[in-house]
Amino acid sequence: MLNISPIPAFGDNYIWLLCASGSTAGVVVDPGDAGPVLEALEREGLELAAILITHHHSDHTGGIRRLLQHSPEAIVYGPAGEHIPGITQQLHDGDRVRPGELGVEFEVLDVPGHTAGHIAYYGAGHLFCGDTLFSVGCGRLFEGTPEQMSVSLARIAALPGDTLAYCAHEYTLDNIGFAKWVEPDNPDLLAREVEARAQRSRGEPTVPSTLAQELKVNPFLRAHIPGVKQAAEQFSGRTLTSPAEIFGTVRYWKDSRYD
Ligand code: ZN
Ligand code: FE
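Since the model is a prediction, treat every value here as computed from it, not as a measurement.

Student: Any chance you could explain the overall build of the protein here in plain terms?
Tutor: Along the protein, the regular secondary structure elements total nine helices and 14 strands. What you see for the protein is a C-alpha radius of gyration of 18 Å, in line with the 18 Å of a compact globule of 259 residues. For the protein, the spread of C-alpha atoms along the three principal axes comes to 55 × 40 × 30 Å. Split into buried and exposed, the 259 residues of the protein put 54% on the buried side. Sequence separation of 24 or more characterises 58% of the internal contacts of the protein that already satisfy a separation of 6 or more. For the protein, the exposed area adds up to about 11,200 Å²; of that, 50% sits on carbon and sulfur atoms.

Student: Looking at this structure, I do not really get the packing of aromatic side chains. What am I missing?
Tutor: For any two aromatic rings, the description comes down to two numbers: the centre-to-centre distance and the angle of the planes. Tallied over the full model, the rule gives ten aromatic pairs. Their ring planes at 75° and their centres at 4.9 Å tell us that Phe134 and Tyr171 sit as a pair that is edge-to-face. Taken together, the residues span a long stretch of sequence, with Phe134 in strand β11 (residues 133-134) and Tyr171 in the loop between β13 (164-167) and α5 (172-182) at a distance of 37 residues. On the basis of relative accessibility, which here comes to 4%, the residue Phe134 falls in the buried class. Among the residues examined, Tyr171 registers a relative accessible area of 27% and is labelled partly exposed. For the pair Phe178 and Phe220, a centre-to-centre distance of 6.3 Å together with 20° between the ring planes defines the contact as stacked. With a gap of 42 residues between them, Phe178 in helix α5 and Phe220 in the loop between α7 (211-217) and α8 (226-236) connect regions that are remote in the sequence.

Student: Would you take a moment to explain the coordination of the iron ion (ligand 2) for this structure?
Tutor: Coordination angles at a metal have ideal targets, namely 109.5 degrees for four tetrahedral donors and 90 or 180 degrees for six octahedral donors. With distances of 2.1 to 2.3 Å, the protein atoms coordinating the iron ion (ligand 2) are Asp59 (OD), His60 (NE2), Asp131 (OD) and His169 (NE2). Each donor residue of the iron ion (ligand 2) belongs to the same chain, and together they define the spacing D-H-x70-D-x37-H. In this model, the iron ion (ligand 2) sits 3.3 Å from the zinc ion (ligand 1), the two metals being bridged by Asp131. Taken together, the residues span a long stretch of sequence, with Asp59 in helix α2 (residues 58-61) and His169 in the loop between β13 and α5 at a distance of 110 residues.

Student: Mind showing me how you'd approach the side chain of Asp59 here?
Tutor: Although Asp59 lies buried, it forms no salt bridge, and the closest oppositely charged side chain, Arg140, sits 11 Å away as judged by the N-O distance. Reaching out from Asp59, the side chain makes a polar contact with the side chain of His169 at a distance of 3.0 Å. When near neighbours in sequence (up to four residues on either side) are disregarded, Asp59 contacts Phe10, Asn13, Asp30, Gly32, Asp131 and His169.

Student: Looking at this structure, I do not really get the nonpolar core. What am I missing?
Tutor: Generally speaking, nonpolar side chains in soluble globular proteins are found buried as a group. The biggest cluster of nonpolar side chains holds 49 residues, and the ones touching the most others in it are Leu18 and Tyr121. Ignoring any residue separated from it by four or fewer positions in sequence, one finds Leu18 in contact with Leu2, Asn3, Ile4, Ala25, Gly26, Val27, Val29, Leu102, Phe106 and Phe128. Grouped together as the second largest cluster of nonpolar side chains are 21 residues, Ile7, Val37, Ile53 and Leu67 included.

Student: How should the layout of surface pockets be read in this particular structure?
Tutor: Taking a probe equal in size to a water molecule and rolling it over the atoms shows the remaining empty space. Taken as a whole, the largest pocket spans an internal volume of roughly 230 Å³. Lining the largest pocket are 16 residues, with Phe134, Cys138, Arg140, Tyr171 and Lys254 sitting closest to its centre. Here the lining of the largest pocket gets three residues from one element, more than from any other, and that element is helix α9 (residues 243-257). Grouping the amino acids of the lining of the largest pocket by side-chain chemistry returns five nonpolar, five polar and six charged. Each pocket or cavity is described by its volume, and for the second largest pocket that value is around 190 Å³. In terms of lining, the second largest pocket is formed by Ser150, Leu153, Ala154, Ala157, Leu215, Phe220, Leu221, Arg222, Ala223, His224, Pro243 and Phe247.

Conventions adopted
- Residues numbered from 1 in each chain as written.
- Chains lettered and ligands numbered in written order.
- Predicted model: local features only at pLDDT ≥ 70, side-chain atom pairs only at ≥ 80, totals over all residues.
- Heavy atoms only, no water.
- Helix = DSSP H or I, 4+ residues; strand = E, 2+ residues; numbered from the N terminus.
- Rg over C-alpha atoms; globule rule 2.2 N^0.38 Å.
- Buried < 20%, exposed > 50% of the residue type's maximum accessible area, 1.4 Å probe, protein only.
- Contact = heavy atoms within 4.5 Å.
- Areas by Shrake-Rupley, 256 points an atom, 1.4 Å probe, with all protein chains shown as cover.
- Phe/Tyr/Trp six-rings, centres within 6.5 Å; stacked < 30°, edge-to-face > 60°.
- Donors = N, O, S within 2.8 Å, 3.2 Å for Na, K, Ca; no water.
- Lys, Arg positive; Asp, Glu negative; His and termini not counted.
- Salt bridge = Lys/Arg side-chain N within 4 Å of Asp/Glu carboxyl O.
- Polar contact = N/O pair within 3.5 Å; in protein donor to acceptor, adjacent residues only side chain to side chain.
- Core = buried A, V, L, I, M, F, W, Y, C linked by side-chain atoms within 4.5 Å.
- 1 Å grid on protein atoms, 1.4 Å probe; cavity = no way out; pocket = protein on both sides within 12 Å on 5 of 7 lines; lining within 4 Å.
- Points joined across faces, edges and corners; volume = space filled by probe spheres on them.
- Nonpolar A, V, L, I, M, F, W, Y, C, P; charged D, E, K, R; others polar.

Structure representation (structure tokens):
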């Protein structure tokens, strides 16, 4: 069995820790900070076997160097399209990797938009999507165009509905606050708010969530929904035709509210 747990870091990052039952080989995704990872490995009795990196931002990569000092043998997987010191296995779209002793093969998906070379890892019903998809939100477009991000999110949305999306940040409640401006009457969104508030008040993460759930509540996956198109058109004051235009407008709308 595959065990997956979040290691909280900084204010709102999650570094995902993976291990197979009965194995002492740990794998972490996007270790922005080494300290909490080393503590978690120690607490769980694990040796670090591999690191998976989704993109170059320091809140996802800042711990690599110190982790390698402790575990020089660890294999560090990351996007071929970005310069990230410490990476030993450069990955391209469609590559398949079997990190550590997880017994899981992950497929690499190119998902540019947040950064130019951002990748995601998909295997055994789990998706590690870094800062591309958040629950009820998506990453900001730092290095990509709305067209690119729109295609990246469509790739993710096309995965099976029961896929669990392990996002790298706890942004859900903030994202819901914005999503309600886009779809104030979406009953699934309002239900998600109640659920997420309860999870946070119990100190639990609101992620992972399933892609089926995200398709019902995430405005960035819902450009095809008439109400989302209408809201985006009302915000921009013009007619929007392509899904990328609608997506880009909703993204710009959120950026202008939350800068
Ligand atoms: Zn980022
Ligand atoms: Fe981040």
